[in-house]
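So the chains spell out like this:
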Amino acid sequence: MSQANILRLNQASKGQFIQLTSINLEGVMRRRLLDLGFIPGAVVEVVRKSPLGDPIAFRVSQTTVALRREESSKIGGVLLSHEA
Amino acid sequence: MKREYVIALAGNPNTGKSTLFNALTGLKQHTGNWAGKTVTIAEGTYVHKKNTYRLIDLPGTYSLFSNSTDEEVARNYIVFEQPAVTLVVVDATSLERNLNLALQIIEMTPNVIICINLMDEAEKRGITINENVLTKKLGVPVVKITARSKKGFALLFDTIDRLVSNVIQGTPNVVRYQPEIEEKIAKLEPFVRTVVNDTISARWIALRLLDGDESLLQELMKRWNRGEEEILCPQTEHMVHI
Amino acid sequence: MSANGAHGAHMTLASLYEKAQEMSNANLRDQIVQQLYMKSQELCSASVTFSKTKRDVRTEKLDRIFTSPIWGFPIMMSLLGVLFYLTIAGANVPSDLIAQSFGYIEGQLTTLFQLLSAPQWLHGLLILGLFRGTAWVVSVMLPPMAIFFPMFALLENYGYLPRVAFNMDRVFKKVGAHGKMSLTMAMGFGCNAAAMMSSRIIESPRERMLAILTNNFVPCNGRWGTLIVLSSLFMAAGFSSGVGMFVTTGTVVGIVLFGIMVTFFVSWVLSKTALKGVPTHYTLELPPYRRPKVFETVIRSSLERSLAVLMRAVKVAAPAGFATWILANVNVGDTSVLLHIVHFLDPFAQALGLDGYILMAFIVGLPANEIVMPILLMAYLSTGSLTEVDNLGDLKQIFVDHGWTWLTALNMMLFSLLHFPCGTTLVNIYKETKSAKWTLISFLIPTVIAIVVTWGVAQTVYYLR
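Residues numbered from 1 in each chain as written. Chains lettered and ligands numbered in written order. Predicted model: local features only at pLDDT ≥ 70, side-chain atom pairs only at ≥ 80, totals over all residues. Heavy atoms only, no water.

- Going by what an unreviewed UniProt entry lists, chain C is known as Ferrous iron transporter and is assigned to Fictibacillus macauensis ZFHKF-1.

- Going by an unreviewed UniProt entry, chain B carries the name Small GTP-binding protein and comes from Fictibacillus macauensis ZFHKF-1.

**Quick notes on the environment of C:Lys174**
Thinking step 1. With respect to the element layout, C:Lys174 can be found in helix 6 (residues 161-174).
Thinking step 2. The spatial distance from the C-alpha of C:Lys174 to the C-alpha of C:Met151 is 30 Å, given a sequence separation of 23 residues. (Helix = DSSP H or I, 4+ residues; strand = E, 2+ residues; numbered from the N terminus.)

**Topic: the domain arrangement of chain B**
All names here are of chain B.
Thinking step 1. What the domain assignment lists for chain B is domain 1 (4-164) and domain 2 (179-240).
Thinking step 2. In total, domain 1 and domain 2 occlude about 1,100 Å² of area from one another, counting both sides; carbon and sulfur atoms represent 54% of this.
Thinking step 3. Looking only at domain 1, the three residues that lose the most surface to domain 2 are Arg75, Phe80 and Glu107, adding up to 47% of its buried area.
Thinking step 4. The tally of links from domain 1 across to domain 2 stands at one salt bridge.
Thinking step 5. Residue Asp213 is joined to Arg75 by a salt bridge in which the shortest nitrogen-to-oxygen separation is 3.2 Å.
Thinking step 6. The interface formed by domain 1 and domain 2 holds four residue pairs in polar contact (both at pLDDT 80 or more) in total.
Thinking step 7. Mapped by element, the contributors of at least two residues to the side of domain 1 that touches domain 2 are helix 2 (69-81) and helix 3 (95-108).
Thinking step 8. Taken together, the residues that form the side of domain 1 that touches domain 2 break down as four nonpolar, three polar and four charged. (Domains from an automatic or database assignment. Buried area = accessible area lost by both parts, 1.4 Å probe. Salt bridge = Lys/Arg side-chain N within 4 Å of Asp/Glu carboxyl O. Polar contact = N/O pair within 3.5 Å; in protein donor to acceptor, adjacent residues only side chain to side chain. Nonpolar A, V, L, I, M, F, W, Y, C, P; charged D, E, K, R; others polar.)

**Observations regarding the UniProt feature "domain: Nucleoside transporter/FeoB GTPase Gate" (unreviewed entry) in chain C**
Thinking step 1. Residues annotated by UniProt as "domain: Nucleoside transporter/FeoB GTPase Gate" (unreviewed entry) correspond here to residues 139-229 and 311-434 of chain C.
Thinking step 2. End-to-end, the C-alpha atoms of residues 139-229 of chain C are 11 Å apart, and along that stretch the chain is 77% helix and 0% strand. (UniProt positions renumbered as here; feature names shortened; annotations may be inferred.)

**Regarding the interface of chain A and chain B**
Thinking step 1. Facing the 10 residues of chain A at the interface are 14 residues of chain B.
Thinking step 2. The interface formed by chain A and chain B includes two salt bridges.
Thinking step 3. We note a salt bridge from A:Arg32 to B:Glu71, for which the minimum N-O separation is 2.7 Å.
Thinking step 4. Inspection of the chain A/chain B interface yields seven residue pairs in polar contact (both at pLDDT 80 or more). (Contact = heavy atoms within 4.5 Å.)

**A short note on the nonpolar core**
Thinking step 1. In this structure, C:Leu376, C:Phe399, C:Trp404 and C:Met412 are the most contacted members of the largest nonpolar core, which totals 108 residues.
Thinking step 2. In this structure C:Trp404 touches C:Leu230, C:Phe234, C:Asp355, C:Ile358, C:Leu376, C:Tyr380, C:Phe399, C:Ala409 and C:Met412, once residues within four positions along its chain are discounted.
Thinking step 3. One finds A:Ile18, B:Ala92, B:Leu207 and C:Leu36 within the second-largest nonpolar core, a separate group that totals 91 residues. (Core = buried A, V, L, I, M, F, W, Y, C linked by side-chain atoms within 4.5 Å. Buried < 20%, exposed > 50% of the residue type's maximum accessible area, 1.4 Å probe, protein only.)

**Examining the pattern of salt bridges**
Thinking step 1. Under the criterion given, the structure shown has 32 salt bridges over all chains.
Thinking step 2. Ionic pairing is found between C:Arg206 and C:Glu207, a salt bridge with its closest N-O pair at 3.9 Å. Of the two residues, C:Arg206 and C:Glu207, both sit in the buried class.
Thinking step 3. Among the charged side chains, a salt-bridge network with shared partners connects A:Arg31, B:Arg75, B:Arg208, B:Asp211, B:Asp213 and C:Arg29.

**Side note on the interface of chain B and chain C**
Thinking step 1. Contact with chain B, which involves 76 residues of that partner, is made by 69 residues of chain C.
Thinking step 2. A combined buried area of about 6,800 Å² lies between chain B and chain C, and 61% of that area is made up of carbon and sulfur atoms.
Thinking step 3. Summed over the shared surface of chain B and chain C, the result is five salt bridges.
Thinking step 4. C:Glu285 is paired through a salt bridge with B:Arg97; the nearest N and O atoms lie 3.2 Å apart.
Thinking step 5. Linking chain B to chain C there are 19 residue pairs in polar contact (both at pLDDT 80 or more).
Thinking step 6. With eight residues, the top contributor of residues to the side of chain B that touches chain C is helix 7 (residues 179-195) of chain B.

**Quick look at the sheet that holds strand 5 (residues 63-67) of chain A**
Thinking step 1. Strands sit in the order 1(A)-6(A)-2(A)-3(A)-4(A)-5(A)-2(C) across an open sheet of seven strands; the sheet is antiparallel. The open sheet has two free edges, formed respectively by strand 1 (6-8) of chain A together with strand 2 (283-285) of chain C, since each of these has just one partner strand. Each strand of the sheet is rotated relative to its neighbour by a mean of 40°, with strand direction disregarded.
Thinking step 2. In terms of strand pairing, strand 2 (residues 17-23) of chain A meets strand 6 (residues 75-80) of chain A through six bridges, oriented antiparallel. Counted as the bridge partner of A:Ile18 is A:Leu79 from strand 6 of chain A. (Pairing = 2+ DSSP bridges. Axes fitted to C-alpha atoms, helices over the stretch in contact; angles between N-to-C directions.)

**Overview of unusual backbone geometry**
Thinking step 1. Each neighbour pair has its own omega, and for A:Asp54 with A:Pro55 the value is 0°, a cis peptide bond.
Thinking step 2. In this structure, A:Pro55 sits in the loop between strand 3 (43-49) and strand 4 (56-60).
Thinking step 3. Look at A:Ser61: it is not a glycine, yet its phi comes out positive at around 50°.
Thinking step 4. Along the polypeptide, A:Ser61 turns up in the loop between strand 4 and strand 5.
Thinking step 5. Here A:Ser61 falls in the buried class, since its relative accessible area comes to 11%.
Thinking step 6. Notably, B:Lys49 is not glycine yet its phi reads approximately 50°, a positive angle.
Thinking step 7. On the secondary structure map, B:Lys49 appears in the loop between strand 2 (42-48) and strand 3 (51-57).

Here it is in structure tokens:
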């Protein structure tokens, strides 16, 4: 994996698959994200953006969950070339 | 001999939990389709083989680590009210995330039935689930149903009946964590046993305390304030010194 | 010893907790959850097989339409419009029918009273007060409810509402609120009091308070009747019935949109002042679309929502009808108590483009919005000539006889939209916030806004005349 492949969730575009490496949030939000399947190692797909650009819906653990930029920008991952 | 049993319904939001609740109890509750829809706890009853079953529809939650009021309500009910059966409703089309909650619940109580709902949707999407494998691996009964068409209800009723009458018993295969965590649990467990009565899994409480679950601590203290202190008195002196 | 024992137990639990915390480390939760997910994945790969794609193709296709940058908002607006149109158009005929049958029953009861030569005051109290009040609530409220609630429940069970929250979130964030507030607002269309309970889906206290304080600007079922009747009588007058229906719908949609704008404005102001703070964490699941069980949903929502709300309304309407009749028929000096109140309120009400009767009706109608119209009519009827109200035409005549213009109707609609929450809602706000201060604020904000807006509209119109 080259460094160029590392990005934050809000930077990814529709249809991309990202393997999560870091979740830089604390407290209740971190717990909630973990419960929803945003855990390091999980593969997340960018499904769609809201008509107004934000929030962004992600496919995670066979469900679709929307996150605002405030949160998605604090989740980092590695861009995968294809679905894992 | 007529008896009454309490059954709690737990599950993620959008798993058709309310649909199942309605199908079992009749015209008593409205079904919703959004996160955290069932906020207040609804109740209903059904009768099977002369036994009355009182159903408690717990709030839909993603986990039971008490991140919200809903989770606290659901957790407190399962742990402290100790229903005869906790029916964990899971969505057949997103089993992975749903089983996460089921795994948390079997840590809390052995009296669990996993109810895989929305089998019709799963079949439409070409998803096949082997419930026997799950039953074996989880150590609690797993039943496949479709709540909206009442498919699989006969087996569900039967399984509930056999569980409450002790014909079968749940022997949950709880998750084993990393050795370091297991070590800590093992260290704490004996202390927990001296403080909390044995109706609640000591392993689970040890794990929750390790995780820093303050709301559980508050809840335990509150319940002990209500005249259950005699259970604790003998150990008091000994415990102060740990 | 027992008290000491309890105390000791606390110490014990607390020290046990402390001990556990000493042993714990920061990323323990991560490890636990990760392990749970790994186990879950392991269970799934052992038991689940996919013969088709793992994707939910149908939901993805539908989302491409419902959350489309181009079609998302137009679809949302049209759905709202269609919902209101069907409610208004559908409610008209049954409302008239029910009103007629109650009129017939009233006639029969009156004959019976005469036959028994019952005293005049008893007839007044029971028939003109109690019966009419109840009959009004039933005929005005029931049909729109019986149409609106089931249709709304169908949308809800289909899974459309989370998409609204998804589309609208950016707007809510801008005013410092939570996207899930769109869900509590949707609930408010049914009943604000119920929406107070549903505000619990918003976890952050600040945003929850915003949702609670602004929910009242969404017209609940109790105000639908008022909005629909007034807009069809005064706004759609002069149009053919077909076009008139659209004008009525347009007016109601306009009023609702205005309410939503006020909601955003108040949220924005509050989050800049009393409820300062940044929007907190947010996650929203978009569940798969599921075909609702139409028949069951309709039956269930009619029984649970419509009937429950109606029963509540009737319970309040009957005593309120009673009270109004008494107020109208007990004299102090040579005028009734009711008229004293009306005259007292009148100058202020006139400045708002209303009249003393209307303001009195809103005040007496505090227990439930459903009874505002019946109280108003009873008050009008008790002072003027007693007309039978069999249809909407008669109704308009009563209003016009009391000097109503389109401005009176518009301002009554605005006041109804914006004024203080009903008694039940206030009680629920207190239950949810556990604070007398915030309950009072939730009363004051809408009241002040209602006064300012109606005053502004009235003064502008007076000036232009």
